[in-house]
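Listed here are the chains, written in short residue letters.
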Amino acid sequence: MLTAAQLAERRVQITGSADLTGLLLRLTERAAPLLVRAPHIPQHKAMLSSDGGICPDDGAPLIFDPWSPSSHRCSRCGREHRGERYDRFQARLQHLWVAERAAHLATIGILGENDAAVQRASGIVAGYGARYLEYPNQDNVLGPSRLFFSTYLESVWICSYLAAASLLREGGALDHETAGAVSQVADEAANLIGEFNEGLSNRQTWHNAALIAIAAWFEDEELARRALEGTTGLLAHLVDGFGADGMWYEGENYHLFALRGLLTGAEWARQAGADLFEDPNLAGRIDAALRAPTISALPDLTYPARKDSRFGVSLAQPMYLELWEIGNGRMGGWADESPQGWLASWLQALYRTPAPEALVFESYLHEAGEPRPAARSRTELSWWALLGMSAEPLPQAGSWSPGSELLPSQGLAVLRQGDRYVSLECGEYGGGHGHPDRLHLTLHAGGVHWLPDPGTGSYVSRDLFWYRSTLAHNAPRLDGLSQPIGDAGCEMFDVQGDWGWARGRYRELLRTVVSTPEYVLDIVECSAEHERLMELPWHLAGTVEAETPGRWEAAELTEEFTDRVESFVPEREGPLRLRADAGQSALELWLLFDGALLRASGPGLPAATGLPSETGRARFLTTRTAARYHRIIAVLDPSGAEPMVTGLRVDGGLIEVTTRSGIHRHRASTEGWSVDHGTSQIHLAGPRPTVPVWAPILDLDLNRRDPPVVVAPWVSDPPARDGILDDFDWSQAIAIEVEDQYRRSEEPYPGPDSLSAQAALSWNEHGLHLGVEVVKEGLCFRSSDATPLRLDNERDEIHSDGLQVYLRHDGVVYGFLVVPDPTTDRIRGFPVEGTAGAVTMITGRWRPTERGYGVTLTLSVPGWEAVHRGNRFGFDLLINEMRPGRVRRAGQLVWSGGNGWVYLRGDRQDPSRFGVLELR
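Described in the following lines is the structure provided in the data block. (Residues numbered from 1 in each chain as written. Predicted model: local features only at pLDDT ≥ 70, side-chain atom pairs only at ≥ 80, totals over all residues. Heavy atoms only, no water.)

This part takes up the packing of helix H11 (residues 252–271) against helix H12 (residues 280–296). Viewed as axis vectors pointing N to C, H11 and H12 meet at an angle of 155 degrees, and their least axial separation amounts to 11 Å. Judged on the interaxial angle alone, H12 and H11 are roughly antiparallel. For the pair H11 and H12, the sense of crossing is left-handed. Residues Glu252, His255, Leu256, Leu259, Leu262 and Leu263 of H11 touch H12, and the partners they reach there are Ile286, Ala289, Leu290, Ala292, Pro293 and Ser296. (Axes fitted to C-alpha atoms, helices over the stretch in contact; angles between N-to-C directions. Helix = DSSP H or I, 4+ residues; strand = E, 2+ residues; numbered from the N terminus. Parallel < 35°, antiparallel > 145°, perpendicular 65-115°, else oblique. Left-handed = near helix turned anticlockwise from the far one by under 90°. Contact = heavy atoms within 4.5 Å.)

Structure follows, in structure tokens:
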């Protein structure tokens with residue numbers, strides 16, 4: 001990613017820098033095995049599956065060993081496993097690792113004048129150039145791709161691949177034939193990546209970086225400008241995606257991933273003639289993005305696992321160290337007066353942390369297959385650091401001592417007191433990686449993560465749905481359901497010496513958190529027009545026991561992932577007192593509310609490696625109240641063996657907390673919050689302007705047409721449900737046969753002669769009757785006894801020809817996936833998760849036709865007997881398309897309008913996209 005002139009300048013800098021000289025030597029040492037034997041380039045495309053990356057004996061992750069591409073060892077039991085599914089799962093990392101090694105070899109080859117490294121790098125570049133077009137662009141999970149199953153992985157890969165090729169070319173070591181092969185790869189990758197725009201997504205940041213890299217390779221100014229300055233280009237991501245406070249809107253995990261993509265794109269942009277760091281405003285935004293993770297960092301220097309983040313990941317991971325090193329290098333070094341003067345103390349703290357084992361990241365595999373170093377320094381980083389980090393040594397700086405701070409765009413309020421960290425989660429939901437965890441409370445104190453956010457485990461494991469539920473968080477929910485998608489606002493935030501507070505609002509819910517020198521006071525309130533059930537979970541670390549006298553009795557909590565449910569019956573009225581013990585540390589929790597306290601077991605915290613949950617099952621508490629007005633008051637005292645809090649009392653709006661040092665009287669004031677203790681009084685204010693984010697927001701979907709309407713006539717006799725369509729009135733049938741109604745995977749709409757459908761509806765008191773005639777070449781129905789695909793957590797039946805039917809009645813959505821049975825005339829019906837559909841609500845048959853197949857079915861949903869002429873309902877019909885030779889479906893027709901991509905949709909359809917069904 002450097003020009004010939006820049007490479008010459010860098011050689012001089014390396015000679016004069018002990019850190020860079022040491023890093024070059026270390027990189028050369030690490031490359032030695034690559035010079036003995038060439039790395040394995042997989043012959044097959046990577047495949048995502050639910051079992052390819054885990055041990056079949058104990059479910060633990062298989063170790064990625066780039067030198068053992070066909071034998072895969074379990075990280076827990078040590079057994080080795082072989083087979084194509086394991087090979088294809090590991091091929092994802094192998095392709096990425098090999099491209100990284102090509103860049104690694106090219107870097108030391110050109111900068112270190114190492115001819116053997118140059119030759120090996122050239123061989124890898126040529127190897128992919130010769131076979132890239134042979135990898136099939138099909139069966140993808142998220143966007144077109146040849147080597148992988150998602151476009152963003154192709155983007156990460158091409159950035160490393162072109163870095164190797166570019167360094168070789170600028171160093172005069174790339175022959176004409178290999179350069180031509182690289183151009184073929186780059187041209188095809190540009191087509192794949194360029195057609196799949198993911199808008200304001202962390203993945204699109206990498207798409208942009210890849211397109212800028214391709215533009216730099218071809219010296220294509222127009223492509224570079226589009227990827228940099230377009231409406232979803234790199235600059236738009238820097239300005240909008242990272243927010244005014246610097247944090248990426250999808251949380252820390254994706255912040256760090258997008259930040260690496262941004263910095264990679266910025267390096268390529270500089271080669272293409274646009275230096276982002278020369279603009280003070282843009283440089284300031286990058287500085288804010290580099291600093292944001294340090295604001296939210298937990299005391300143990302891990303990041304909070306908010307949204308779809310991994311749990312327990314250290315910010316001292318070498319991949320993250322490199323972000324701050326590269327950012328500092330591009331912004332001018334360690335001068336105290338520089339905007340990033342804070343970086344020296346931050347990096348110093350990270351380097352002093354015991355070296356964590358390098359995790360497997362798709363954008364960083366530098367240490368894969370190597371033992372963990374005893375300690376990490378600047379000489380333990382990757383080839384990218386050799387190209388871009390500052391030549392100046394890391395200066396000695398004061399200790400890293402962060403304070404309390406509000407990330408306003410992110411909506412995260414952090415209150416710090418010594419080694420105690422409390423945060424209240426407000427802000428935006430977080431897009432597709434958001435969780436229904438508004439007003440989640442995190443507590444880390446005394447070295448223990450007492451109230452963690454669990455983040456997310458594996459995307460291909462069923463327990464993903466648990467980690468994406470409100471009950472899995474320390475956040476309130478209403479009426480036994482996870483929070484609906486929406487944003488929360490931080491209304492108040494203030495810090496006065498050792499005292500601080502934050503108040504957040506999400507719809508009807510209000511949470512107030514007061515951090516004092518001795519304890520944390522937490523109040524959750526809900527005001528509603530009618531009685532609501534409110535639950536507030538507490539996922540405490542350690543072993544939790546009730547100190548209040550009482551007993552636990554069997555109870556119920558209707559949740560898929562929970563069991564061993566009990567309710568606490570206290571022997572006396574008043575606050576409940578519980579104690580959590582975690583090794584040498586302890587925390588006391590005081591609860592005062594009008595309701596029941598439950599405890600249950602659910603999935604434990606996921607491992608930082610993703611698969612599977614290393615802690616197995618874990619016990620948690622939840623308070624439950626039913627009223628129009630709710631108030632749950634809690635005091636958390638992490639003082640340890642000698643608790644500071646000795647009592648809790650409430651008198652109307654007055655909350656009294658008795659401690660060993662006296663009584664603290666808390667109450668809401670006209671300006672905020674006040675606390676009387678002894679002769680002193682604390683006033684906390686800090687109003688924050690907020691918008692009622694739960695109010696309706698105008699949907700400016702420019703691709704949205706007026707919803708289509710279909711009429712269902714009344715019939716006295718229901719049509720025969722035998723797969724024969726003669727009993728339906730086709731004069732008012734709907735047609736699904738144009739490109740705008742198609743959602744594609746890799747290939748565009750094949751046309752109505754290859755795939756189309758028409759449908760007719762009727763109704764009577766027995767239900768809604770539907771007849772569908774599908775035109776389809778080569779029927780591909782999945783049978784009930786087919787071998788499980790084990791691809792992800794979606795139903796296998798979506799990868800089949802068939803239907804998806806949706807009806808919204810009385811505000812309730814009923815969804816069904818319907819697949820004809822290839823061995824009989826029966827249909828197989830499945831309720832769509834997240835809807836009220838049930839298998840008993842759908843009956844029907846199917847028959848083959850000359851050009852495809854026909855389906856007749858009846859939907860009978862609760863309350864249907866009361867409908868009448870003139871009623872209007874939400875309705876939609878989708879036709880899934882499977883093709884021979886594929887593993888995943890090719891696309892789907894959508895009556896209400898498709899015009900998009902089928903990826904990640906499963907059997908779901910957004911109810912806001914439904915058309916209208918009118919009864920006549």
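Next up on the list: the packing of helix H6 (residues 151–170) against helix H8 (residues 202–218). At their nearest, the axes of H6 and H8 sit 8 Å apart, and the two run at 30 degrees to each other. Comparing the axis directions of H6 and H8 gives the class roughly parallel. Handedness of the crossing formed by H6 with H8: left-handed. From H6, Thr151, Tyr152, Ser155, Val156, Ile158, Cys159, Leu162, Ala165, Ser166 and Arg169 reach across to H8, where they touch Arg203, Trp206, His207, Ala209, Ala210, Ala213, Ile214, Ala216 and Trp217. Residues that form the contact of H6 with H8 fall into these classes: 13 nonpolar, four polar and two charged. (Nonpolar A, V, L, I, M, F, W, Y, C, P; charged D, E, K, R; others polar.)

A few words on the pattern of salt bridges. Counting across every chain of the model gives 61 salt bridges. A salt bridge links aspartate 308 to arginine 468, with the shortest nitrogen-to-oxygen separation between them at 2.4 Å. Here aspartate 308 is found in the loop between H12 and helix H13 (318–330), whereas its partner arginine 468 is found in the loop between helix H16 (464–467) and strand S8 (477–478), with 160 residues between them in sequence. Residues glutamate 794 and arginine 908 are paired through a salt bridge, measuring 2.8 Å at the closest nitrogen-oxygen approach. Of the two residues, glutamate 794 sits in the loop between strand S29 (767–776) and strand S30 (802–809) while arginine 908 sits in the loop between strand S37 (900–901) and strand S38 (915–919), which places them 114 residues apart along the sequence. Among the ionic contacts, a cluster of salt bridges with common partners joins Arg26, Glu29, Arg30, Glu367, Glu370, Arg376 and Glu380. (Salt bridge = Lys/Arg side-chain N within 4 Å of Asp/Glu carboxyl O.)

Attention shifts here to the sheet that holds strand S24 (residues 680–684). The five strands are arranged S20-S21-S22-S23-S24 in an open sheet whose pairing can be described as antiparallel. The outermost strands of the open sheet, each flanked by one partner alone, are strand S20 (645–651) and S24. Sheet twist, expressed as the mean angle between neighbouring strand axes with direction ignored, is 15 degrees. Of the pairings in the sheet, the one linking strand S22 (residues 662–668) to strand S23 (residues 673–677) comprises five bridges and is antiparallel in character. Within S23, the residue paired with arginine 667 across the bridge is serine 674. (Pairing = 2+ DSSP bridges.)

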